[in-house]
Amino acid sequence: MADKYDLTPQSVFTDLKAGKIVLVDVREPAEFANQRIHGALLHPLSTFEPKAIPVDGSRRIVFQCGSGKRSRMALNTFMKETGADAAHLAGGIAAWTSAGQPCIRLDPATGAIVDKGDY
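Quantities reported herein were computed from a predicted structural model and do not represent experimental measurements.

This part is about the side chain of H38. Along the chain, H38 falls in the loop between β3 (35-36) and β4 (41-42). According to the relative accessible area criterion, H38 is buried, its value standing at 15%. Among the polar contacts listed, one links the side chain of H38 to the side chain of D115, at a separation of 2.6 Å.

So, on to the environment of K80. In this structure, K80 sits in helix α3 (residues 69-82). On the basis of relative accessibility, which here comes to 75%, the residue K80 falls in the exposed class. For the pair K80 and S58, spaced 22 residues apart in sequence, the C-alpha to C-alpha distance is 20 Å.

The next point concerns the sheet that holds β3. Reading across from one edge, β3-β7-β8 is the order of the 3 strands in this open sheet, with antiparallel pairing throughout. The open sheet terminates on both sides in strands that have one partner only, identified here as β3 and β8 (113-115). By the bridge criterion, 2 bridges tie β3 to strand β7 (residues 104-106) in an arrangement that is antiparallel. Note that in β7 the partner of R36 across the bridge is I104.

The rules we used
Residues numbered from 1 in each chain as written. Predicted model: local features only at pLDDT ≥ 70, side-chain atom pairs only at ≥ 80, totals over all residues. Heavy atoms only, no water. Helix = DSSP H or I, 4+ residues; strand = E, 2+ residues; numbered from the N terminus. Buried < 20%, exposed > 50% of the residue type's maximum accessible area, 1.4 Å probe, protein only. Polar contact = N/O pair within 3.5 Å; in protein donor to acceptor, adjacent residues only side chain to side chain. Pairing = 2+ DSSP bridges.

Listed below in structure tokens is the structure:
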């Protein structure tokens, strides 16, 4: 972990299940359609508007992307423009899946939705 804004897959999973965070995926729609984390909201970095993120004061905003680079950019922009507390999933969805956390994904062979992560 580089700093206090880098969260592990396990801590994000635990907080997401407990309703303590709002997870915001900043990847592009095609990436989101192919594989995503349950409960994540889509706000692509290419059209990112920090003030459009739903901040309610009771849940921390956590950004996520493919590898952690775009989510860190979104985090920095979001905190600068809103002043709200936030963090990001270090390593992105790649770290999430490597840690064995559940995702919704498309089966490339059939186009069927594969969802083994109901929580």
